[in-house]
Amino acid sequence: MPNTLHRRLIVGNWKMNPATVAEAKKLARIFRRVATSLVHTEAVICPPLSFISICSGRSLFTKKSSPHFHMGAQVASTQEEGGPHTGEVGAQMLRDLGVEYVIVGHSEQRKRGDTDEIVAARLKAVLGQGLTPILCIGESVRDESGAYLSVLKDQIKASCGDILKKSAKSIIVAYEPIWAIGAAEAMKAEDVYETSLFIKKVFADLYGADMGLKVTVLYGGSVTYRNAPDIIAIGKVDGLLVGRESVNAPGFVELLKAVDLVK
Ligand code: PEP
């Protein structure tokens, strides 16, 4: 989906869940059905790589595609060509499975060793296949002096530094403050708004004022069906990246419906 489309994007990051194929199929069926009735919202599910095939419209459903329902992946290889890369799954293979979106630079992967260089290489590989990257950025602490803003700016610059404006147009930024991931509460919606403005400004400085206006910014970190409407309405973000609540079927269904109703 091009990021010029003014529909809200709700991305479910299933992480290493659920445990079985049967549960994954069930979740996918439920979310697909709900997505069909959405008016202002697009739903993306990012199951583990092993479940993408069975969750995508190609094998599970008779119709090839479903309105407002998209497949995403949690990671793609840095390698742009197939070859001796044991354990890797390339962006081209994901595209062939019907994947449209790929999460890049999630903090849990950065913690396991993804450096800025690796994140930049994954971003390039994803863009190279015409897929839409969801670039995760976020500070680990929010200090009084505002140093966290430099962290965000540096992460964007390190990932996008070599990317030309033509390609950068399809990058989606997911602002996920690390301290708010898996936490008891999400960030305050007012603070989400301020930070998303800052991210847009960094894009404007890098690529020109039009990109600052157009870049799609999502918020992620302890989003639930309860706080999602305020984060969208007050935080004025273009969508959400949802972890735990995205594998809780009733919660994610409520979340999609609630966001769809936000004016
Ligand atoms: C995440 O890890 O991307 C995330 C947002 O998790 P949670 O919603 O569980 O905080």
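Predicted model only: the values in this text are computed from it and were never measured.

1. Some remarks on the side chain of H70
Here comes step 1: For H70, the position within the fold is in strand β3 (residues 69–73).
Here comes step 2: Of the residues examined, H70 reaches a relative accessible area of 11% and is grouped as buried.
Here comes step 3: Within the structure, H70 has its side chain in polar contact with the side chain of E42 (distance 2.5 Å).
Here comes step 4: Of note is the side chain of H70, whose polar atom sits 2.9 Å from the side chain of E100.
Here comes step 5: For H70, the contacting residues outside a window of four places in its chain are E42, A43, V44, I45, E100 and Y101.

2. Regarding the pattern of salt bridges
Note that side chains of opposite charge can pair when their charged atoms are close.
Here comes step 1: This model, assessed by the stated rule, comprises 9 salt bridges.
Here comes step 2: R142 is the partner of E139 in a salt bridge, and the nearest nitrogen-oxygen pair spans 3.3 Å.
Here comes step 3: With a relative accessible area of 26%, R142 lands in the partly exposed category.
Here comes step 4: Across the pair D210 and K165 runs a salt bridge whose closest N-O atoms are separated by 2.9 Å. Taken together, the residues span a long stretch of sequence, with D210 in helix α10 (residues 209–214) and K165 in helix α8 (residues 165–168) at a distance of 45 residues.
Here comes step 5: Accessibility expressed as a relative area gives 31% for D210, which makes it partly exposed.

3. Some words on the pairing of β3
Here comes step 1: Summarising burial for β3: 5 of the 5 residues are buried, a large majority.
Here comes step 2: Going residue by residue along β3, you find F69, M71 and A73 tucked away on one face and H70 and G72 tucked away on the opposite face as well.
Here comes step 3: For β3 and strand β4 (residues 99–104), the ladder comprises 3 bridges, and the chain directions are parallel. Across the sheet, residue M71 finds its bridge partner in β4, namely V99.
Here comes step 4: Each parallel crossover has a hand, and for β3 linked through helix α4 (residues 91–96) to β4 it is right-handed.

4. A closer look at the packing of helix α6 (residues 116–128) against helix α7 (residues 147–160)
Here comes step 1: At a closest axis distance of 8 Å, the pairing of α6 and α7 adopts a crossing angle of 50°. In terms of orientation, α6 lies oblique with respect to α7. As α6 runs across α7, the sense of the crossing is right-handed. Contacts from D116, V119, A120 and L123 in α6 reach A158, S159 and C160 in α7.
Here comes step 2: In the contact of α6 with α7, the residues fall into 5 nonpolar, 1 polar and 1 charged.

5. As for the state of the cysteines
Here comes step 1: Under the definition given, this model contains 0 disulfides.
Here comes step 2: Considering cysteine sulfurs only, C136 is the nearest to C46, which forms no disulfide, with 9.3 Å between them.
Here comes step 3: Free cysteine: C160, not disulfide-bonded; nearest cysteine sulfur from C136 at 12 Å.

6. Description of the site of the ligand
Here comes step 1: Looking at the ligand, there are 14 residues lining it, with K15, E176, G182, S222 and R244 nearest.
Here comes step 2: Contact with the protein chains covers 99% of the free accessible surface of the ligand, which is 290 Å².
Here comes step 3: A class-by-class count of the residues in the shell around the ligand yields 3 nonpolar, 7 polar and 4 charged.

7. Digging into the packing of helix α1 (residues 21–36) against helix α12 (residues 249–261)
Here comes step 1: The N-to-C vectors of α1 and α12 enclose an angle of 20°; their axes lie 10 Å apart at closest approach. Overall, the two elements α1 and α12 adopt an arrangement that is roughly parallel. Along this stretch, α1 crosses α12, giving a crossing that reads as right-handed. Of the residues in α12, those in contact with L27, I30, F31 and V34 of α1 are A249, F252, V253, L256 and K257.
Here comes step 2: Here the contact of α1 with α12 is built from residues that sort into 8 nonpolar, no polar and 1 charged.

What counts, and at which threshold
Residues numbered from 1 in each chain as written. Predicted model: local features only at pLDDT ≥ 70, side-chain atom pairs only at ≥ 80, totals over all residues. Heavy atoms only, no water. Helix = DSSP H or I, 4+ residues; strand = E, 2+ residues; numbered from the N terminus. Buried < 20%, exposed > 50% of the residue type's maximum accessible area, 1.4 Å probe, protein only. Polar contact = N/O pair within 3.5 Å; in protein donor to acceptor, adjacent residues only side chain to side chain. Contact = heavy atoms within 4.5 Å. Salt bridge = Lys/Arg side-chain N within 4 Å of Asp/Glu carboxyl O. Pairing = 2+ DSSP bridges. Right-handed = clockwise from strand over helix to strand, strands pointing away. Axes fitted to C-alpha atoms, helices over the stretch in contact; angles between N-to-C directions. Parallel < 35°, antiparallel > 145°, perpendicular 65-115°, else oblique. Left-handed = near helix turned anticlockwise from the far one by under 90°. Nonpolar A, V, L, I, M, F, W, Y, C, P; charged D, E, K, R; others polar. Disulfide = S-S within 2.5 Å. Near = heavy atom within 4 Å. Areas by Shrake-Rupley, 256 points an atom, 1.4 Å probe, with all protein chains shown as cover.

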